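# Survey of secondary and tertiary structure
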Amino acid sequence: MLPQSLLLSLFFCTFIISSPFCSGSFLDKPLSNFFERTPAYNPSTAYPSYLGTIDKERVDDFKGSLERYDHLGTLATSLGEVNVEDFRAEGVGDTDDTEAFKKAWKETCSSDTAVLVVPKDKTYNVKPITFSGPCKSDSVTLKILGKIEASDNPADYASDLSHWLLFRNIQNFQVEGDQGTIDGKGEIWWENSCKINKAKPCTKAPTAVSFVQCDNLKLHGLRVYNAQEMHVSIEKSVNVEAFNVIVTSPEKSPNTEGIHVTSSENVHIIEPVIKTGDDCISIVDGSKNVKATGVTCGPGHGISVGILEGGKPKAPVSNVLVDHATLTGTNFGVRIKTWQGGSGNVDNIVFEHVKMKGVSNPIIIDQNYCDQETACKDQDSSVQIRNVIYKDITGTSATKNTTTFNCSKTFPCQGIMLKGINLS
């Protein structure tokens, strides 16, 4: 009997050539030599763009900058850091510290030092808040040493149902979070979700942490738990490095994506650990040059790339590389999904060196994605998907079908290549 990897390769060679919904020729950006060009994943190296690497000196500088902080009272504190407790934040967990955080941020953003500290061993209760730039200093740092906890009263979000902690228009912003936590306290939102309680209407819930128009953003060790909906969203930002972001929420928590990237460029997600109730990583509308390496995912819905809204034309998603990932017990594996009736294109996507452990639906392309209360109507228009590579995808599947290509009849998938697929 032929090994499954060979059978899959033979099957899809035949499928690609013979199916009217899938084409085997690459278009204007050939990827056939990508296997030879792509550098191997190295966990000690960060990639600021799709195929580029950064030299060792820059890596050392990045790591060194993250070792500056130690504990409150160290030399770094004496050099002008702003402490939220200087503005009467109590940090006892049951009092509202929102105003203290607002005042502390105003002081930080207007100072030359521009370092804000959330002290350790304290729990700060914070309502929805926006941290806005631009700031006076060329660079800004937020050190989360303690716990920031969300208000669980939905009425507090009446003026903005989309955000809890919103960071907007802050350039050269660094968030150091590996000694503290951010807790969205999402239980009340999950209970009232239409996906949990069918009697409830489908409504939005806040994203726990949003970074919007934050160019040259660095996230180190950010720990976000129990988001109301999405955990971390990177939007309209350029040059982002997210290292060792940890996301945790229950498997049944609805719509709780781990890291969501939209309309952003040159994003590298390095060694995240994500356990959640939705996509571990989602890379959507208008994003390009996005790389995720050393990913640990599960439970959740796997890693998704696509254009998720129908209607008006959408900016393309292009140049996405997922390199070295381990998915365990997820509902899906590596997935491209696009809303039927949409427009735009998804191209130059590579999934390589991915290990599956009991994953349902390990490889999926779905040009007819539908996530709404009522069934979606068949439509002629669709997002074009082209130039996709699956390389070295191995492990075990929890479903009989290991590979599913649900391609559009009017805009068929083009340039799909599989190599070294071994799923049992």
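As a starting point, this report considers the structure included with it. Remember, it's a predicted structure, so these values are computed and weren't measured experimentally. (Residues numbered from 1 in each chain as written. Predicted model: local features only at pLDDT ≥ 70, side-chain atom pairs only at ≥ 80, totals over all residues. Heavy atoms only, no water.)

On to the overall build of the protein chain. Helix and strand counts for the protein chain stand at 6 helices and 30 strands. As displayed, the protein chain offers around 17700 Å² of accessible surface, 50% of which is attributable to carbon and sulfur atoms. (Helix = DSSP H or I, 4+ residues; strand = E, 2+ residues; numbered from the N terminus. Areas by Shrake-Rupley, 256 points an atom, 1.4 Å probe, with all protein chains shown as cover.)

We now examine the pairing of strand 6 (residues 129-132). With burial as the criterion, only one face of strand 6 is covered, namely that bearing Ile129 and Phe131; the residues Thr130 and Ser132 on the opposite face remain uncovered. Here strand 6 pairs with strand 9 (residues 163-168) via 4 bridges, running parallel. From the neighbouring strand, Ser132 faces strand 9, where its bridge partner is Arg168. (Buried < 20%, exposed > 50% of the residue type's maximum accessible area, 1.4 Å probe, protein only. Pairing = 2+ DSSP bridges.)

With that settled, consider empty space enclosed by the protein. Under the criterion given, the structure shown has 2 cavities of 30 Å³ or more. Quantified by volume, the largest cavity comes out at close to 70 Å³. Those elements that place two or more of their residues in the lining of the largest cavity are strand 7 (140-144), strand 9 and strand 12 (207-212). Grouping the amino acids of the lining of the largest cavity by side-chain chemistry returns 12 nonpolar, no polar and no charged. (1 Å grid on protein atoms, 1.4 Å probe; cavity = no way out; pocket = protein on both sides within 12 Å on 5 of 7 lines; lining within 4 Å. Points joined across faces, edges and corners; volume = space filled by probe spheres on them. Nonpolar A, V, L, I, M, F, W, Y, C, P; charged D, E, K, R; others polar.)

Take the packing of aromatic side chains next. In the structure shown here, the tally under the stated rule is 10 aromatic pairs. Between Trp105 and Phe131, the aromatic rings sit 5.5 Å apart at their centres with planes inclined by 85 degrees, giving edge-to-face as the arrangement. Remark: Phe131 occurs in strand 6 and Trp105 occurs in helix 5 (residues 98-109); sequence separation between them is 26 residues. Looking at Trp105, the relative accessible area reads 5%, which means it is buried. With a relative accessible area of 4%, Phe131 lands in the buried category. Put simply, the rings of Trp105, Phe131, Phe167, Phe173 and Phe211 touch in pairs and so form one group of aromatic residues. If you follow Arg335 out to its NZ or CZ, it ends over the ring of Phe332, 3.9 Å from the centre. (Phe/Tyr/Trp six-rings, centres within 6.5 Å; stacked < 30°, edge-to-face > 60°. Lys NZ or Arg CZ within 6 Å of the ring centre and 35° of its normal.)

With 88 residues, the main nonpolar core has Leu165, Phe167, Phe211, Leu222, Ile336 and Tyr390 as its most contacted residues. Per-element tally for this core: the top contributor is strand 26 (residues 345-359), with 6 residues. In contact with Phe211, other than residues within four places in its own chain, are Phe167, Phe173, Val175, Leu217, Leu219, Leu222, Val232, Ser233, Ile234, Glu235 and Ser237. (Core = buried A, V, L, I, M, F, W, Y, C linked by side-chain atoms within 4.5 Å. Contact = heavy atoms within 4.5 Å.)

Looking now at helix 5. The first and last C-alpha atoms of helix 5 sit 16 Å apart over 12 residues, in line with the 16 Å expected at 1.5 Å per residue. All of the buried residues in helix 5 are Thr98, Ala100, Phe101, Ala104, Trp105, Thr108 and Cys109. Angular distribution of buried residues about the axis of helix 5 spans 155 degrees; they occupy a single face of the element. (Expected span 1.5 Å × (residues − 1). Arc of directions from axis to C-beta.)

Bringing the environment of Leu321 into the picture now. Relative to the assigned elements, Leu321 resides in strand 24 (residues 317-328). Sequence-wise, Leu321 and Lys288 are 33 residues apart; in three dimensions their C-alpha atoms are separated by 10.0 Å.

Let's shift gears to the pattern of salt bridges. Under the counting rule described, the total for this entry stands at 13 salt bridges. As a salt-bridge pair, Asp156 and Lys127 come within 3.9 Å of each other at their nearest N and O atoms. Residue Asp156 is located in the loop between strand 8 (147-150) and strand 9, and its partner Lys127 is located in the loop between strand 5 (123-126) and strand 6; the two are separated by 29 residues in the primary sequence. In this structure, Asp152 engages Lys185 in a salt bridge whose closest nitrogen and oxygen atoms are separated by 3.7 Å. Residue Asp152 is located in the loop between strand 8 and strand 9, and its partner Lys185 is located in the loop between strand 11 (181-183) and helix 6 (187-191); the two are separated by 33 residues in the primary sequence. Taking the relative accessible area as the measure of exposure, Asp152 reaches 41% and is therefore partly exposed. When salt bridges with common partners are traced through the structure, they connect Lys147, Glu149, Asp152, Asp183 and Lys185 into a single cluster. (Salt bridge = Lys/Arg side-chain N within 4 Å of Asp/Glu carboxyl O.)

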